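Listed below are the residues making up each chain.
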2 protein chains.
Amino acid sequence: MLKIGELASLAGVSRDTLRFYEKHGLIIPNQRTESGYRLYSNIDVERISFIVSAKEVGFTLNEIHQLLELEVTKDKKSCQDVKEFVDNKITIVNQRLLEIEKIKHSLQTLSDACCGGDEPATQCTILGALNEQAR
Amino acid sequence: MLKIGELASLAGVSRDTLRFYEKHGLIIPNQRTESGYRLYSNIDVERISFIVSAKEVGFTLNEIHQLLELEVTKDKKSCQDVKEFVDNKITIVNQRLLEIEKIKHSLQTLSDACCGGDEPATQCTILGALNEQAR
DNA sequence: ATAAACCTTGGAGTATAGTCTAGAGTCAAG
DNA sequence: CTTGACTCTAGACTATACTCCAAGGTTTAT
């Protein structure tokens, strides 16, 4: 069991952020000490690390909340709902993957190609690099 | 040459957003009509589309601004600076790629595996699916 | 046993990225 | 030649996601 400061430094977020996430339902307070101190478990560590990752790739806290609440019980209705929601997110994620790959390549082009090489000057900006690979 | 409304609907952003980006130096006003209407060129279309993409994968407008301002002239100093900055961004982008792949796989697991299959119930949440692939 | 370091709540403040409104001018179609 | 759709500026407002502060209680190290 971890206290808030311990979880915070473990997860690389601030104590305030953890309390903020709790207030918004992203982490569920498990337990408190007699004096009211929050106590966190390994599950919370996982949740926070998921939240941080998902946020970094562009999901809002609201979307993350929905993702965390998903739970497929094996009856068909819940399955249908979850599948629809999740497949939607997969589409978004795939688009983001393509975009991030494109940006990565153009960054790479920018980093590699323009240092004393004889590439045309058009390649030596991010937009130039982006266009280069579009060809 | 496009008027603001035309560029806006082409790029899928609002007119206000375009003016906002201009105010913050992300797009440079090229030209105005005599009556003061903004006129945009193809270069602006590219810039906006870059901004939108970069934003979607988690860059802030500030970072995007810096990326757009990068321009390697072939002297060594500018090269050094740009390379450092860009390589930094590439590291970040690579981390994001890994994270987004991980999330994608767990979404896929969630979508595929839990609909009437005989997987354990632990796999039927996003965290369960994430852990599954960690093994 | 007392100071430093931690925790609590509630509420105010901040940064980012828009979004909306008002009041006025411009342009194209009927 | 006026109506409707568009544009302009400046400034107020909003949502999201924190971040900080005050005033107080708790724990731990010396």
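Only a predicted model underlies this, so the values are computations on that prediction, with no experimental measurement involved.

(A) Representation of the overall build of chain A in the model. The helix and strand inventory of chain A stands at six helices and two strands. Reading chain A from its N end, one meets helices and strands in the order α-α-β-β-α-α-α-α. Put simply, chain A has 135 residues, and 41% of those count as buried. Put simply, 39% of the contacts in chain A that link residues at least 6 apart link residues at least 24 apart. Accessible surface, chain A as shown: approximately 7,500 Å² in total, 49% of it carbon and sulfur.

(B) Examining the protein's contact with DNA strand D more closely. Taken together, 18 residues are adjacent to DNA strand D, and Y21 and Y37 of chain A together with G5, R19 and R38 of chain B come closest. Each atom of DNA strand D within 4 Å of the protein was classed as base or backbone; sugar and phosphate made up 76%. One of the side-chain N or O atoms of R15 of chain B is found 2.7 Å from a phosphate oxygen in DNA strand D. Between a base oxygen of DNA strand D and a side-chain N or O atom of Y37 of chain B, the distance comes to 3.2 Å. Every element with two or more residues in the surface near DNA strand D is listed here: α2 (15–23) of chain A together with α1 (4–11) and α2 (15–23) of chain B. Per-element tally for the surface near DNA strand D: the top contributor is α2 of chain A, with four residues. For the surface near DNA strand D, the per-class residue count stands at six nonpolar, five polar and seven charged.

(C) Broad picture of the side chain of K89 of chain B. Mapped onto the fold, K89 of chain B is located in helix α5 (residues 76–113). By relative accessible area, K89 of chain B is classed as buried at 8%. Among all residues touching K89 of chain B, those that are not within four sequence positions of it are L107 of chain A together with F59, E63 and L67 of chain B.

(D) Structural context of the packing of aromatic side chains. Residue and element names in this part refer to chain A. Tallying each qualifying case throughout the model produces two aromatic pairs over all chains. Their ring planes at 55 degrees and their centres at 6.1 Å tell us that F20 and Y21 sit as a pair that is tilted. A relative accessible area of 36% places F20 in the partly exposed class. Of note, R96 hangs over the ring of F59, and the distance from its end group to the ring centre comes to 5.2 Å.

(E) How the structure looks around the protein's contact with DNA strand C. Taken together, 18 residues lie around DNA strand C, and G5, R19 and R38 of chain A together with Y21 and Y37 of chain B are the ones closest in. Counted by atom, the contact set of DNA strand C within 4 Å of the protein is 75% sugar and phosphate. Between DNA strand C and R38 of chain A there is a distance of 2.7 Å, counted from a phosphate oxygen to a side-chain nitrogen or oxygen. Between Y37 of chain B and DNA strand C, the recorded distance is 2.7 Å, taken from a side-chain N or O atom to a base nitrogen. Every element with two or more residues in the surface near DNA strand C is listed here: α1 (4–11) and α2 of chain A together with α2 of chain B. With four residues, the single largest contributor to the surface near DNA strand C is α2 of chain B. Here the surface near DNA strand C is composed, by residue class, of six nonpolar, five polar and seven charged.

(F) Just the relation of the copies chain B and chain A, in detail. Turning chain B through 180 degrees and shifting it by 0.0 Å along the axis lays it on chain A, with an RMSD of 0.1 Å. What we have between these two chains is a two-fold relation. In this assembly, 100% of the residues forming the interface of chain B have copies in chain A that are likewise at the interface, indicating an isologous arrangement.

(G) Representation of the environment of V86 of chain A within the structure. Checked against the element boundaries, V86 of chain A lands in helix α5 (residues 76–113). A sequence separation of 19 residues divides V86 of chain A from L67 of chain A, and the C-alpha atoms of the two residues are 8.1 Å apart. Non-local contacts of V86 of chain A, meaning those with residues more than four positions away in its chain, are made with L70 of chain A together with L107, L110 and S111 of chain B.

Reading the values: the criteria
- Residues numbered from 1 in each chain as written.
- Chains lettered and ligands numbered in written order.
- Predicted model: local features only at pLDDT ≥ 70, side-chain atom pairs only at ≥ 80, totals over all residues.
- Heavy atoms only, no water.
- Helix = DSSP H or I, 4+ residues; strand = E, 2+ residues; numbered from the N terminus.
- Buried < 20%, exposed > 50% of the residue type's maximum accessible area, 1.4 Å probe, protein only.
- Contact = heavy atoms within 4.5 Å.
- Areas by Shrake-Rupley, 256 points an atom, 1.4 Å probe, with all protein chains shown as cover.
- Near = heavy atom within 4 Å.
- Polar contact = N/O pair within 3.5 Å; in protein donor to acceptor, adjacent residues only side chain to side chain.
- Nonpolar A, V, L, I, M, F, W, Y, C, P; charged D, E, K, R; others polar.
- Phe/Tyr/Trp six-rings, centres within 6.5 Å; stacked < 30°, edge-to-face > 60°.
- Lys NZ or Arg CZ within 6 Å of the ring centre and 35° of its normal.
- Least-squares fit on C-alpha atoms with pLDDT ≥ 70 in both.

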